[in-house]
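Descriptive structure summary
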Amino acid sequence: MTIQIATIGIIGSGIMGTGITQIALQSGHQVYLYDAKAGAAQIASEKLQLTLQKLVEKNKITTESAQQALANLVVAQNLDDLKNCDLIIEAIVENLTVKQELIKQLETFIPETTIIASNTSSLSITAIASQSQHPERIAGYHFFNPVPLMKVIEVIPGIRTQPDIVRILVDLSYKMGHRPVVAKDTPGFIINHAGRAYGTESLKILNENVANIHEIDRILKHTLGFKMGPFELLDLTGLDVSHPVMESVYEQYYQEPRYRPNVLTKQMLVAKQLGRKTDQGFYSYTAGQKRDEQLAVKVDKLSQYPAVWIATDFTADRELLTHYLTTHQIEIDIQASPAKDSLILVASYGEDTSSSTQRLNLDATRTVSIDLINGLNTHRTLMPSLITQDKFSQAAHSIFNLDDGEVTQIQESVGFVAQRVIAMVVNLACDIAQQGVATVDDINAAVHLGLGYPHGPISWGDVLGPAKVLLILERMTQITADPRYRPSPWLQRRVKLNQPLTFTA
Ligand code: NAI
């Protein structure tokens, strides 16, 4: 099929329809914008006028291009004004029956060649197309909010969609300056599926009383480089949106433990503590500003430090710790087993401190574990055991404050905070690749652009080391017996064959 997309019909002039109209106009297309609510499309067109005017004032676009874009916009009074469009994108209410009815109505007057695309974020494309006379011309075309800034579009063929339709929508995405990613018609597609790990694992950590919200947000932002902490993000999105999505993906995957939601958000939802929109979520807000910021605690320099005996899973971690301690004139206990007054420092993966001391036969009253998943550059998480003496935890805290580095002490947790969250993110992305929901390149691009993670999740696994990620998951599975952490076969196979996670045959 060779269809040149010149004229686009957009149905629904809400937040998404207006955003899609903007990028379609700015890339030279003619747009017919229709909304069932009288006057809504006209209001959207006036908003667009203001948006483009602001872009001109900021020198982002020229006056001529703004005028040209607006000249190409037609506010449709009736649905059948869209009869000559090459492509019709619906961005109406998220309701399967209403979307199916709309398609039936469109099919009474559009030609067989018109492509119909749905911006649904949670409904099955196959289901949306199931009542149509021509399901082969229907596909998902999932934009993200705000559309002009979120430079990614998921293109989703339903079971009966013709491959040509996918190609046409992919080409159009590039024309509109967005990166297309092709996803199978599965719950959450790529981005809302891959995004399940960050929030749910952080909630589980909070629920286990490992650390408080400030600490978990800080650790994840400062150790791993997430732009927003999970609780900041949940507050921004609003639990009225996020909690149902968590439940829906979990149920749609037949209660797969990897997506398990948490009682914490269910309760907050019932109590209407939704986040920023109600001034109270995980944090409290006044006029949009967080009220209760807690900074990392700092421990002063001590007059004397114990010698430090080191145990690590990886040689590079031993070298890193040795270098740091030597630089700060801390004595290193290099005996085969720790002397009786030494602080025992364990750089462990996927374990709590109790498990490490048992595995290595160490004195738990003197042991503190450290998370080196991202080295020592940014933030340090320390984890004393249940019975570590205060003087040893304080000494460890002070040692890792010596260069003004930020330290957070947490309660015992298998895999600290950063390790278990990133291992879940990588593992879930590997499973998405294993299921063939999308290519590795598309999974990486989709998550990087759609969720703003510093790396694509599969590439991120390669940056951290696939063997390390696997070790975290294996130990967590062994200690917790929770199938949530079972390593994806995609990940296991590549570690066994010593290949990067991005390797595809
Ligand atoms: P919205 O509520 O801002 O706008 C929906 C518009 O559709 C309203 O103006 C309404 O009058 C109109 N409408 C409703 N039923 C209609 C019908 N039968 N015919 C014509 N117009 C109709 O909604 P929003 O947020 O723009 O979402 C639209 C779609 O995009 C939904 O399917 C949603 O799931 C999806 N989506 C939303 C995202 C978001 O962040 N808001 C992100 C990605 C997808």
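Just so it is clear, the structure is predicted and the values come from calculations on it, not from any experiment.

Analysis parameters
- Residues numbered from 1 in each chain as written.
- Predicted model: local features only at pLDDT ≥ 70, side-chain atom pairs only at ≥ 80, totals over all residues.
- Heavy atoms only, no water.
- Salt bridge = Lys/Arg side-chain N within 4 Å of Asp/Glu carboxyl O.
- Helix = DSSP H or I, 4+ residues; strand = E, 2+ residues; numbered from the N terminus.
- Buried < 20%, exposed > 50% of the residue type's maximum accessible area, 1.4 Å probe, protein only.
- Lys, Arg positive; Asp, Glu negative; His and termini not counted.
- Polar contact = N/O pair within 3.5 Å; in protein donor to acceptor, adjacent residues only side chain to side chain.
- Contact = heavy atoms within 4.5 Å.
- Pairing = 2+ DSSP bridges.
- Axes fitted to C-alpha atoms, helices over the stretch in contact; angles between N-to-C directions.
- Expected span 1.5 Å × (residues − 1).
- UniProt positions renumbered as here; feature names shortened; annotations may be inferred.

Take the pattern of salt bridges next. Applying the stated criterion across every chain, the model contains 27 salt bridges. Between D240 and K277 there is a salt bridge, and its shortest N-O distance comes to 2.9 Å. Of this pair, D240 sits in helix α11 (residues 239-252) while K277 sits in the loop between α12 (263-270) and β9 (285-286), and the two are 37 residues apart along the sequence. Classification of D240 by relative accessible area gives partly exposed; the value is 34%. With a relative accessible area of 48%, K277 lands in the partly exposed category. Residues joined by salt bridges that share partners form a network here, namely E201, K204, E208, R260, R420, D482 and R484.

Quick look at the side chain of D35 now. Among the structural elements, D35 can be located in the loop between β2 (30-34) and α2 (40-57). Of the buried charged residues, D35 lacks a salt bridge, with K37 as the closest side chain of opposite charge at 7.0 Å. Polar side-chain contacts of D35 include one of 2.7 Å to the backbone nitrogen of S13. A polar side-chain atom of D35 sits 2.9 Å from the main-chain amide nitrogen of K37. For D35, the contacting residues outside a window of four places in its chain are G12, S13, G14, A40 and A41.

As summarised here, the arrangement of the 6 strands in space is β12-β11-β13-β14-β15-β16, forming an open sheet in which the pairing is mixed. Every other strand in the sheet has two partners, leaving β12 (332-333) and β16 (406-409) as the edge strands with one partner each. In the packing of helix α9 (residues 213-224) onto the sheet, the strands contacted are β15 (379-384) and β16, and the crossing angle to β16 comes to about 140°. Sitting on the sheet, helix α14 (residues 353-360) is in contact with β11 (308-312), β13 (343-347), β14 (367-371) and β15, with an inclination near 115° to β14.

On to helix α8 (residues 196-207), then. End to end, α8 covers 17 Å across 12 residues, agreeing with the expected 16 Å (1.5 Å per residue, within 8%). Most of α8 sits out of view: 11 of its 12 residues are buried. Within the sequence span of α8, burial applies to R196, A197, Y198, G199, T200, E201, S202, L203, K204, I205 and L206. At the C-terminal side of α8, N209 shows a positive phi close to 60°.

Looking now at the environment of E293. You can see E293 is positioned in the loop between β10 (289-290) and β11. Residues E293 and H214, 79 residues apart in the sequence, show an inter-C-alpha distance of 7.3 Å. One polar contact links E293 to K290, side chain to side chain, over a distance of 3.4 Å.

Right, let's get into the sheet that holds strand β1 (residues 7-11). If you trace the 8 strands from one edge of the open sheet to the other, you get β3-β2-β1-β4-β5-β6-β7-β8, paired in mixed fashion. Taken across any chain shown, the strands that pair with only one partner, and hence form the sheet edges, are β3 (73-75) and β8 (179-182). If you compare each strand with its neighbour and ignore which way they point, the axes differ by 25° on average. Bridge analysis of β1 against β2 gives 5 bridges, and the strand direction is parallel. Counterpart to I10 in the pairing with β2 is L33.

Those places that UniProt annotates as "domain: 3-hydroxyacyl-CoA dehydrogenase C-terminal" (unreviewed entry) correspond, in this numbering, to residues 188-285 and 415-499. Secondary structure across residues 415-499 divides into 71% helix and 0% strand, with the first and last C-alpha atoms of the span separated by 24 Å.

Here the residue pair N145 and P146 is connected by a cis peptide bond, since its omega of -5° sits within 30 degrees of zero. Inspection of the secondary structure puts P146 in the loop between β6 (138-142) and β7 (152-157). Backbone geometry places Q255, a non-glycine residue, at a positive phi of 60°. In this structure, Q255 sits in the loop between α11 and α12. Of note in the backbone geometry, F416 takes a positive phi value of approximately 50° without being a glycine. When you line up the elements, F416 lands in the loop between β16 and α16 (418-434). Under the relative-accessibility criterion, F416 is labelled buried at 0%.

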